[in-house]
Structures are given as C-alpha cells and as structure tokens.
Amino acid sequence: MNRPIILMLAVTLCAISMPAGAPSVWAQQEIGVIVVDLQGDFTTLNNGSLAVEGTDKAYVDKVAKATEALKNKGYPVFATQDWHPEDHISFYTNHPGKKPFEAIKIDERTQVLWPPHCIQGTDNAKILLDNGLFAAVVKKGRDKNFDSYSGFKDDGGAKTELDKVLKEKGIRELIIYGLATDYCVKATAVDAADAGYKVTVIEDLCRGVAPETTAKALKEMKEKGITIKKDLES
Ligand SMILES: [Zn+2]
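Please read all numbers here as calculations on a predicted model, not as lab measurements.

K.L.:
Help me get a handle on the packing of aromatic side chains, residues and values and all.
P.N.:
Counting across every chain of the model gives five aromatic pairs. Between Phe101 and Trp114, the ring centres sit 5.8 Å apart and the planes meet at 90°, which makes this aromatic pair edge-to-face. One end of the pair, Phe101, is in the loop between strand 2 (77-82) and strand 3 (103-106); the other, Trp114, is in the loop between strand 4 (109-112) and strand 5 (136-140), with 13 residues separating them in the sequence. The exposure class of Trp114 is buried, given its relative accessible area of 4%. An aromatic cluster of three or more residues is present, and its members are Phe101, Trp114, Tyr149 and Tyr183. When the ring centre of Trp83 is taken as reference, the NZ or CZ atom of Lys139 above it lies at 4.7 Å.

Written out as structure tokens, the structure is:
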C-alpha cells in the first residue's frame, strides 16, 4: 500500500473509534475518590460511640494527608456521611431488651444493632476532614426504617445521589477508603463495582470493626474484581 492510502486508512480508523460529538466521553475518563464515613463517632480520636479500633489521631491525620494529596493531583473527592435520626432502626436503644452488636431479623433483612451514632446535627456526626476538600458530601441512613452501609443505596433500595454526582463529573474509576472496611467501605465498593465503576480500595486508609469480618470483606471485594492496594504508593 502506498502512503496516501495508509494515511487515509488511519484517518478513517480514528474517525470510527472517536466519532465526532463523542470526544467528551474520551476526555472524561476521570478518577474520583470516595472517603467513607470519616466521622467522629467512628473514631477513638473523638471518643466515638462506635469507635473502630485503630482510628486514633495518627490514622485520621494519615487519611487527611492522603486525601489532600489526591485532591492536589486533581482528583475530585467525595465523602459519604452516616446521618441518622434519633429513632433510627440500627440503634439497639430503639429495640427494647436488645444489646449492642446483636443481629436481629427485620422483615427479611439482617440488622446489626449498633450503639446510637452519627445522629443528625451532633458534633460526632461531623466529618473529620476539611469540608473544602469535597466536591460533594452524600448523606446516608436518613430514613429511620432502613440502615445504609452503602453510600449508593440503603437496605430498602432507595438510592442516594452518589451515582448521579459521580456521573455528572464523568467519573469512571474510584479510589475508596475510610470506615469501616467490613461494613460501609465494603458495601460502597461493592455497589460501585456493580454500578460499573472500576474500583480500588486502599487498605491502609481503612480500619475494620473486627478482624474476621474485615478479612472476609477484603476477600469478597477481591472476588468482585475490586483491586485492594496496601497504600496509595503500592
Ligand atoms: Zn450508621
């Protein structure tokens, strides 16, 4: 083949793979960051009512530093925020005779009963990072009848606005970390993968409620095709 024909072929192929009117799709293959539930009630730093082991100042500082670095690299950063009414179904105090961490059946769902936490408007419901870092903060667990480990939807299937805000930013790929590995990080990562995002969870920026459930969660996430990285550098 002579040169003009090869050139013409190349131009045609380009035109086929990048049709006019679609360049924005190609330009928007962006990576977003989701910081899950980094709130006072989940940390030992703030004497939280549901403090996850290992969530001292060093941990929170490490998450803050990593999040700032990612934002400075240009990644849009999002946060989820557990945000319950006082009469929320997940609080053991709303089930007479029940103890914290007991699991009960509600309709067909298993509900773990937690100490009251992240009550709307309280100090320990606040996110511990500078709110200026976030492109959006998505609240979850607002319906008293349903728990919501996932940032995408609650146990009743009601969607939050998370998927919508990610799509608006053209996000295709997600870096996820926060609290807790075995509950809200896992549920958010799994729902993200199910929604078609390419997901990486940063293990060292997460902490889990219990070692067994954390190991199980990491295994389940890997089986879902989610990449687990030890830290941001690895
Ligand atoms: Zn909660």
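K.L.:
Kindly report on empty space enclosed by the protein, identifying the contributing residues and their values.
P.N.:
Scanning the model with the defined rule gives one cavity of 30 Å³ or more in all. If you add up the space inside the largest cavity, you get close to 150 Å³.

K.L.:
Describe the coordination of the zinc ion, with residues and values.
P.N.:
Protein coordination at the zinc ion comes from Asp82 (OD), His84 (NE2) and His117 (NE2), with a distance range of 2.0 to 2.1 Å. Among the residues examined, Asp82 registers a relative accessible area of 3% and is labelled buried. Note on His117: relative accessible area 3%, which makes it buried.

K.L.:
Could you give me a rundown of the sheet that holds strand 5, with the residues and numbers involved?
P.N.:
With respect to topology, six strands assemble into an open sheet ordered 5-2-1-6-7-8, the strand pairing being parallel. Only two strands of the sheet have a single partner each, and these edge strands are strand 5 and strand 8 (227-229). Averaged over all neighbouring strand pairs, the angle between strand axes comes to 25°, with direction disregarded. Across seven bridges, the pairing between strand 1 (residues 30-36) and strand 6 (residues 171-178) is parallel. The residue of strand 6 that forms the bridge with Val36 is Gly178. Its contacts with the sheet place helix 5 (residues 181-194) against strand 1, strand 5, strand 6 and strand 7 (198-202), and it is angled at close to 175° to strand 6.

K.L.:
Go over unusual backbone geometry, please, and point to the residues and values.
P.N.:
Omega for the peptide link from Leu179 to Ala180 comes to -15°, which places this bond in the cis form. By secondary structure assignment, the location of Ala180 is in the loop between strand 6 and helix 5. Here Asp107, not a glycine, exhibits a phi torsion of approximately 55°, which is positive. Within the secondary structure, Asp107 is located in the loop between strand 3 and strand 4. Given a relative accessible area of 66%, Asp107 falls into the exposed group.

K.L.:
For the nonpolar core, give the residues involved together with the corresponding values.
P.N.:
The nonpolar side chains of soluble globular proteins are, as a tendency, buried together. Counting residues in hydrophobic clusters, the biggest one holds 57 residues, and the most contacted among them are Val35, Leu129, Leu166, Leu174, Ile176, Tyr177 and Val201. For this core, the element with the most residues is helix 5, which contributes seven residues. When neighbours within four sequence positions are excluded, Ile176 is seen to be in contact with Ile34, Val36, Val185, Thr188, Ala189, Ala192, Val199, Thr200, Val201 and Ile202.

K.L.:
Mind laying out the pairing of strand 3, listing which residues take part and the relevant values?
P.N.:
Taking every second residue as pointing to the same face, the buried face of strand 3 carries Ile104 and Ile106, while none of Ala103 and Lys105 on the other face is buried. Bridge count between strand 3 and strand 4: four bridges; the pairing is antiparallel. Of the residues in strand 4, the one forming a bridge with Ile106 is Arg109.

K.L.:
Give a description of the packing of helix 5 against helix 6 (residues 211-223) that names residues and reports values.
P.N.:
Any two packed helices are characterised by how steeply their axes cross, that is the angle between the axes, and by the distance between the axes. Where helix 5 contacts helix 6, the two axes come as close as 9 Å, and the packing angle between them is 10°. Looking at the two axes, helix 5 sits roughly parallel to helix 6. Contacts from Thr181, Asp182, Tyr183, Lys186, Ala189 and Val190 of helix 5 reach helix 6 at Thr213, Thr214, Ala217, Leu218, Glu220 and Met221. Taken together, the residues that form the contact of helix 5 with helix 6 break down as six nonpolar, three polar and three charged.

How each quantity is defined
Residues numbered from 1 in each chain as written. Predicted model: local features only at pLDDT ≥ 70, side-chain atom pairs only at ≥ 80, totals over all residues. Heavy atoms only, no water. Phe/Tyr/Trp six-rings, centres within 6.5 Å; stacked < 30°, edge-to-face > 60°. Helix = DSSP H or I, 4+ residues; strand = E, 2+ residues; numbered from the N terminus. Buried < 20%, exposed > 50% of the residue type's maximum accessible area, 1.4 Å probe, protein only. Lys NZ or Arg CZ within 6 Å of the ring centre and 35° of its normal. 1 Å grid on protein atoms, 1.4 Å probe; cavity = no way out; pocket = protein on both sides within 12 Å on 5 of 7 lines; lining within 4 Å. Points joined across faces, edges and corners; volume = space filled by probe spheres on them. Donors = N, O, S within 2.8 Å, 3.2 Å for Na, K, Ca; no water. Pairing = 2+ DSSP bridges. Axes fitted to C-alpha atoms, helices over the stretch in contact; angles between N-to-C directions. Contact = heavy atoms within 4.5 Å. Core = buried A, V, L, I, M, F, W, Y, C linked by side-chain atoms within 4.5 Å. Parallel < 35°, antiparallel > 145°, perpendicular 65-115°, else oblique. Nonpolar A, V, L, I, M, F, W, Y, C, P; charged D, E, K, R; others polar.

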